[in-house]
Amino acid sequence: MRTQMLTTVLRARPTVMRVSPILVRHSSNAHAQETFESFTERYVTFFKSAEDLFEVQRGLNNCFAHDLVPAPSVVEAALRAARRVNDYATAVRIFEGIKEKVENKTQYQQYLDELKGVREELGISTREELYTS
């Protein structure tokens, strides 16, 4: 009886077929790591050539999506592009994005100090300056 049960169990067990994938995608080694300098140069060039608001906002979205804080030269180019396409609100929001990306208030203040001349030249206020509580 025991042998009959064992043979029945073994026969009832489904067989597993192993299928190897035909297409293998190696995405981890497909692209070289971009350096901070090349990232900065790429976005400064992008913002200098942006011709309309859509391009400026798309560039900002892509730039801020990376896991780093853009260099002051990138922020300056983005501010000039926002003012060139006549969108003051986007220029103010760039500073809001910087405030969210930095680790602490000291770093945010350093960005404000670094970009003070550009802010004064373009007439851009920060959100804190516009909406004092």
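Parameters at a glance
- Residue numbers restart at each chain and count upward from 1, following the sequence in its written direction.
- Given that this is a predicted model, residues contribute local features only at a pLDDT of at least 70 and side-chain atom pairs are listed and counted only at 80 or more, while totals for whole chains, interfaces and linings are drawn from all residues.
- Heavy atoms throughout the structure, all of them, feed into the side-chain values; hydrogens and water do not.
- UniProt positions are given in the numbering used here, feature names are shortened, and annotations may be inferred rather than shown by experiment.
- By definition, any uninterrupted DSSP run of H or I lasting at least four residues is a helix, any uninterrupted run of E lasting at least two residues is a strand, and each is numbered from the N terminus.
- Here's how the labels work: a residue is buried when its accessible area is under 20% of the maximum for its type, exposed when over 50%, partly exposed in between, all with a 1.4 Å probe on protein chains only.
- In this description, contact between two residues means that some pair of their heavy atoms is separated by no more than 4.5 Å.
- The Shrake-Rupley method, run with a 1.4 Å probe sphere, supplies the accessible areas, and residue values consider only the shown protein chains as cover.

For the chain, the name recorded in an unreviewed UniProt entry is Cytochrome c oxidase subunit 6, mitochondrial, with Somion occarium as its organism. The annotation that UniProt attaches to the chain under Subunit (unreviewed entry) is "Component of the cytochrome c oxidase (complex IV, CIV), a multisubunit enzyme composed of a catalytic core of 3 subunits and several supernumerary subunits." A UniProt comment under Subcellular location (unreviewed entry) is attached to the chain, and it reads "Mitochondrion inner membrane".

1. Looking at the overall build of the chain
For the chain, the count of helices and strands is eight helices and zero strands. Starting at the N terminus, the α and β elements of the chain follow one another as α-α-α-α-α-α-α-α. Residue burial in the chain is summarised as follows: out of 133 residues, 29% are buried. When contacts within the chain are restricted to residue pairs at least 6 apart in sequence, long-range pairs at least 24 apart make up 65% of them. Of the roughly 10,300 Å² of accessible surface on the chain, a fraction of 52% belongs to carbon and sulfur atoms.

2. Details of the side chain of Thr90
In this structure, Thr90 sits in helix α5 (residues 88-101). By relative accessible area, which is 4% here, Thr90 ends up buried. Thr90 has contacts with Leu53, Val56, Gln57, Leu60 and Ala82, leaving out every residue within four places of it along the chain.

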